[in-house]
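Single-letter residue listing:
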Amino acid sequence: GAADALRAVMAKGKLPATTTLLALGAVDEDDPLCLRMLGMHGSAAANYAVQDCDCLVAIGARFDDRVTGTVETFARKAKIIHIDIDPTSIAKNVRADIPVVGDAKDILERMLDAIEPRDRGPWLARIAEWKARYPFHYEPTGSIKPQEVIEAVGNVTDHNAIVATGVGQHQMWTAQFYRFRRPRQVITSGGLGTMGFGLPAAIGAQ
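All figures in this text were calculated on a predicted structure; none of them were measured in a lab. (Residues numbered from 1 in each chain as written. Predicted model: local features only at pLDDT ≥ 70, side-chain atom pairs only at ≥ 80, totals over all residues. Heavy atoms only, no water.)

> Kindly report on the overall build of the protein, identifying the contributing residues and their values.
Across its full length, the protein holds eight helices and seven strands. Relative to the globule expectation of 17 Å for 206 residues, the C-alpha radius of gyration of the protein, 17 Å, shows essentially globular dimensions. For the protein, the C-alpha atoms occupy an extent of roughly 50 × 35 × 35 Å along the three principal directions. The burial tally for the protein puts 37% of its 206 residues in the buried class. Relative to all contacts within the protein whose residues are 6 or more apart in sequence, the contacts with residues 24 or more apart total 51%. Approximately 11,600 Å² of the protein is accessible, and the part contributed by carbon and sulfur atoms is 57%. With 23 positive and 24 negative side-chain charges, the protein shows a spacing of 2 Å between the two charge centroids. (Helix = DSSP H or I, 4+ residues; strand = E, 2+ residues; numbered from the N terminus. Rg over C-alpha atoms; globule rule 2.2 N^0.38 Å. Buried < 20%, exposed > 50% of the residue type's maximum accessible area, 1.4 Å probe, protein only. Contact = heavy atoms within 4.5 Å. Areas by Shrake-Rupley, 256 points an atom, 1.4 Å probe, with all protein chains shown as cover. Lys, Arg positive; Asp, Glu negative; His and termini not counted. Charge placed at Lys NZ, Arg CZ, Asp CG, Glu CD.)

What follows is the structure, encoded as structure tokens:
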């Protein structure tokens, strides 16, 4: 339930944010501050920004290898503030310069009181350039492509449907080509590769 607090911190501090697969929708993907998903299947803008930022605030993220790639080269320029309710998750995979143990919503609300707006014009312009230059893309072939179907479903539903996926390539295409706008809008498995998850998840969502 921390999405509103996260969005408020982003707006007040003019802070861009990227999400993991399981956080899709926590940030409205139509928000200019949204970098979309990062990692192996993520956006170029998100990955460039994480690699080039001077401070990375990670909230409830486990930094799995699909996100980090080679751990030793991940976000080397950044001071990392790692927030998690579970102390054993902090710095398990990636170093934490500032560990913060606690509930994400509570910590973000405290951050909102303390944060001061800053002019981040050059940084945000750079991010906007990355987003414009390197969008998620596929080559049309004349046959219907899965990415095209997902885009079409997104357009028909105005990107407001609850979407359930199984595990596999279609899961990544959904993350890339459906633009999520609110929390809990995508029901997907983020661990253990549980193929077949989508059908019972859809029944549960309904």
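> Quick one: what's the story with empty space enclosed by the protein, residue by residue and with numbers?
Here the structure, examined in full by the defined rule, presents one cavity of 30 Å³ or more. Volume-wise, the largest cavity comes out at about 30 Å³. Along the walls of the largest cavity sit L21, L24, T165, Q171, T174, A175, V186 and T188, which together make up its complete lining. Grouping the amino acids of the lining of the largest cavity by side-chain chemistry returns four nonpolar, four polar and no charged. (1 Å grid on protein atoms, 1.4 Å probe; cavity = no way out; pocket = protein on both sides within 12 Å on 5 of 7 lines; lining within 4 Å. Points joined across faces, edges and corners; volume = space filled by probe spheres on them. Nonpolar A, V, L, I, M, F, W, Y, C, P; charged D, E, K, R; others polar.)

> Provide a residue-level description of the layout of surface pockets, including the pertinent values.
Rolled over the atoms, a probe sized like a water molecule indicates the empty space that remains. There is about 240 Å³ of room inside the second largest pocket. Taken together, 15 residues line the second largest pocket, and the ones lying closest to its centre are R36, P135, F136, Q176 and R179. Breaking the lining of the second largest pocket down by element, the ones donating at least two residues are β2 (34-37), α5 (121-133), α6 (146-156) and α7 (169-177).

> Tell me about the packing of helix α1 (residues 3-13) against helix α4 (residues 104-114), and please be specific about residues and values.
Running from amino to carboxyl end, α1 crosses α4 at an angle of 25°, the nearest separation of the two axes being 9 Å. Judged on the interaxial angle alone, α4 and α1 are roughly parallel. Considering the relative orientation of α1 and α4, their crossing is left-handed. From α1, A5, L6, A8, V9 and K12 reach across to α4, where they touch K105, L108, E109, M111, L112 and D113. (Axes fitted to C-alpha atoms, helices over the stretch in contact; angles between N-to-C directions. Parallel < 35°, antiparallel > 145°, perpendicular 65-115°, else oblique. Left-handed = near helix turned anticlockwise from the far one by under 90°.)

> Account for the nonpolar core, naming residues and giving values.
Counting residues in hydrophobic clusters, the biggest one holds 19 residues, and the most contacted among them are L35, V50, L56, F63, F74 and A75. Mapped onto this core, the elements with two or more residues apiece are α2 (44-52), β3 (55-59) and α5. For this core, the element with the most residues is α2, which contributes four residues. Look past the residues within four positions of A75 in its chain and what remains in contact with it is V50, Q51, L56 and R95. (Core = buried A, V, L, I, M, F, W, Y, C linked by side-chain atoms within 4.5 Å.)

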